[in-house]
Amino acid sequence: MSIADMENSTAYILQVRPKIPARLARLEELANNLWYSWDRPTRALFARLHPGLWKATGQSPKAFLKRVDQQRLLDAAEDQVFIGNFNRVLAAYDTYHDHRSPAGGADWLRQDDLIAYFCAEFGFHESFPIYSGGLGILAGDHCKAASDLRLPFIGMGLLYRQGYFHQTIDGDGNQIASNTDSDFDDLPITPAKLADGSEAYTWVDFPGRKLNIKIWQARIGHITLYLLDTDLPSNSQHDRDITHRLYGGDKVMRIEQEIVLGIGGVRALQLLGLKPTVWHINEGHAAFLLLERIRQKINNDKLDFAAALENIAANTIFTTHTPVPAGHDHFTQEMMSDYFDKYYPELDLSREDFIALGRNNGSSDFNMTALAIRGSRFQNGVSRIHGDVSGDICGSMWPEIEPQENPMSYVTNGVHAPTFLASEWIEVLERHLGSEWNARMNDVDFWSGVSNIPDHLYWSVRQSLKSKMLNMVRERISSQHFRNHGSEAHLDRLLKYVNPENPNILTIGFARRFATYKRATMLFGDLDWLREILNNPERPAVFIFSGKAHPADIPGQDLIRRITQISKMSEFVGKVLIVEGYDLALARKLVAGVDVWLNNPLFPLEASGTSGMKAGMNGTINLSVLDGWWGESYDGENGWAIKPVSELLSEEIRTREETTTLYELLQDQVIPLYYDHGKMGFSPNWVRMSKHSMATIMPRFNSKRMVGEYLAKCYLPASQQHRLYKQNDFENSHLVAKWKARIQSVWTGVTIRRLDEPTVEINYGDTLRFEVAVQLQSLTPSDVIVEMLLGLATKREKLHNTKHYPFVPTGTTTASGEHIFALEVQPEQCGKLEYRVRAYPHQDMLTRRFEMGMMRWM
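Computed from a predicted structure; not experimentally measured.

**Q** Looking at this structure, I do not really get the overall build of the protein. What am I missing?
**A** Check the secondary structure of the protein and you find 29 helices and 28 strands. Here the C-alpha radius of gyration of the protein, 30 Å, is about what a compact globule of 858 residues would show, namely 29 Å. For the protein, the spread of C-alpha atoms along the three principal axes comes to 105 × 70 × 50 Å. In the protein, buried positions account for 58% of the 858 residues.

Quick look at the structure:
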């Protein structure tokens, strides 16, 4: 037989699975619960069995157990050290999952409550690649914290064959994106089962066809995440590809993915017998779930559309993460008609009324954010600044309400500390703060105890983390360099300042998605000045960049090329580095290991930002524009702030001015503080700021605080509204819907005028009586609140620091039928006061005071 014959022969694949010894049987249980994504001892257990294979399988316990050598398992079963570690991991696992443990928040809710959290991506760990970036990591952290708090909570998402792309960067700085399909057998998922033990499938209707959907599930500690998959032989190739790639394809693919997530997700939960009492839409991708819930109320509970809408909106939370109007998903009317022409008649709606559910700001397109707001009664941005920005962007949804008073609130994001706090800190925290540090995660006073950690011990942990980070950076840059045919000699120059054995050079990190508004290249605005800053031989500094640009984002990819170009200039070689393949593993090392975390977005386009939180809780110091979360966190002593220049100026001028501030901070404060070494060989003032960073950021920006805030502000009141609107055969849903229809039918004719003569001056302690006449048309005085807003006259916005005084109906009317309302008030302040009078609809069962968006000012 010739060599050619062998090459042309068929190669058959045979998978031989190792047989796990009985003593180690629970390894499979550990591999199938994403608890491992935040429990490092569990991951270390698998790594110990075969470090090389663990790395090769992407730290995936399930993939690892399919491939590990039988002899290693047999040896481990007889290894007393391994068994000891295994038993310790199992003890921690069993303690965490013991349902007799006291709930950390679930006790607020009732026995039958269930929160359903819908999102287009979830990021738990690099071994489960169904996420692209910030939104997915946040959703993963939300689930982990819900598990920690033992909430009755489930997630719903899509199961992608391909997660976000893998990135390499060539010698010229071009990003090369490659995608690989996941083998579902390697992922920590199992098919969801029906009560009879059969696998669960659901379906949705598409134009001219039925789309079949398989339901999978994953365990995340105490909670279950359900995932939808269209890659089934019964679907066409086009339809199989719907869940193939995260954020892949065109508008057609996007609407199909969102129908599967929203409508398919609701049907999946119904099929599995799950009955959520609270629904959380995390970003607008899942908003179609509202339509399916309305349809089911009409079909199953015989409500009309208006009552069904009130019923489902009362227990729905919508979180927006988008700081610009263009970022909200929208589809043409033609596309909506193609996909929903047989659906909207089931909602008892005309085509025009159906399209109106997604109308926003005069655009003819169907806007998913508009749908989400109309179908929810709890809406929030993800930081205080972003809440204000979202109130402005979405203000037209409540047209007569001032943006600062409309229902858009905020819950600032947080990150899951057990996932992102480096394990090196845990022993230190337990020794100096006590073993209850995890239970007291949100206790600000408790965390002030970080200052009691001895400086030398604190610094040694920081340096250890930095060395580990530098090791990973060196590995990745070496691999990148040799793949791009670089020389050994040049590699030595590249890595001169990132030496794990000498981690004493100031290292500044910038790692995130390369989107233009994040201004990754702002640092390079004045190269002469930057040269001066970086080339002081006594006080060197290194900048490490990493991140991905969306494959369709050419300007984002240009940023990577520009950084590569700068890094090759002789004066910046080794001092500006760009590391390819940004992923969760690299992110964990960078946030914990760099000295300074740089973030300089264009204000106010950073909705929240979470990487700086992860850095801060590890003692890394933030240097950031006062946007997103940093606008709430910065206290003058826990990092450095770049104050945004006026938004009235051009982007070019703003960037130039803020670059100047960045250089001044680096040159005058950051670098001198780092190198202000004391007798111990490090800067005690740097350590003080680093400790303060950890102490102020940990208790306020962790995901346990975030989910606890959602529980108090949204989940608990939503579950109460659910019961109120459901009781007595949905009596209150009908009542509120009819009341709103009555208000809407006459509101344009409601007017308010003053009856008394204005008084210009009084003495302190005097009482004033006011009378107004309100033309209510067919409404009654109980349908409205008439109130005075009284406060000091200032040049600020008119609703700033005002007190509210309600008028009471007198029971009398004017000759023309206006209802008379009166108020007696004794002003509590002296000086020049300003007051205004207004009226708005009121009903005791409304979820939000201004949810109707209606107001009349006198």
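**Q** Can you help me understand the pattern of salt bridges in this one?
**A** Opposite charge on two side chains permits pairing when their charged atoms draw close. Counted according to the given criterion, the structure contains 52 salt bridges. Here Arg588 makes a salt bridge to Glu126, at a shortest N to O gap of 2.8 Å. Here Glu126 lies in the loop between β1 (115–118) and α8 (134–148) and Arg588 lies in helix α24 (residues 584–593), a separation of 462 residues in the sequence. Residue classification places Arg588 among the buried residues on the basis of a relative accessible area of 13%. Here Glu126 falls in the buried class, since its relative accessible area comes to 17%. Residue Glu571 pairs with Arg531 through a salt bridge whose shortest N-O separation is 2.5 Å. In this pair, Glu571 is assigned in the loop between α23 (554–567) and β17 (576–579) and Arg531 in helix α22 (residues 527–534), connecting sequence segments 40 residues apart.

**Q** What exactly am I supposed to notice about the sheet that holds strand β24 (residues 803–806) here?
**A** Pairing between the strands of a sheet comes from backbone hydrogen bonds, and it takes one of two forms, parallel or antiparallel. In spatial order, the strands read β24-β23-β27-β28; together these four strands make up an open sheet with antiparallel pairing. Looking at which strands have only one partner, the edges of the open sheet turn out to be β24 and β28 (856–857). One ladder, built from nine bridges, connects strand β23 (residues 784–792) with strand β27 (residues 833–841); its direction is antiparallel. When the bridges of β27 are listed, Leu789 appears paired with Arg836.

The rules behind these values
- Residues numbered from 1 in each chain as written.
- Predicted model: local features only at pLDDT ≥ 70, side-chain atom pairs only at ≥ 80, totals over all residues.
- Heavy atoms only, no water.
- Helix = DSSP H or I, 4+ residues; strand = E, 2+ residues; numbered from the N terminus.
- Rg over C-alpha atoms; globule rule 2.2 N^0.38 Å.
- Buried < 20%, exposed > 50% of the residue type's maximum accessible area, 1.4 Å probe, protein only.
- Salt bridge = Lys/Arg side-chain N within 4 Å of Asp/Glu carboxyl O.
- Pairing = 2+ DSSP bridges.

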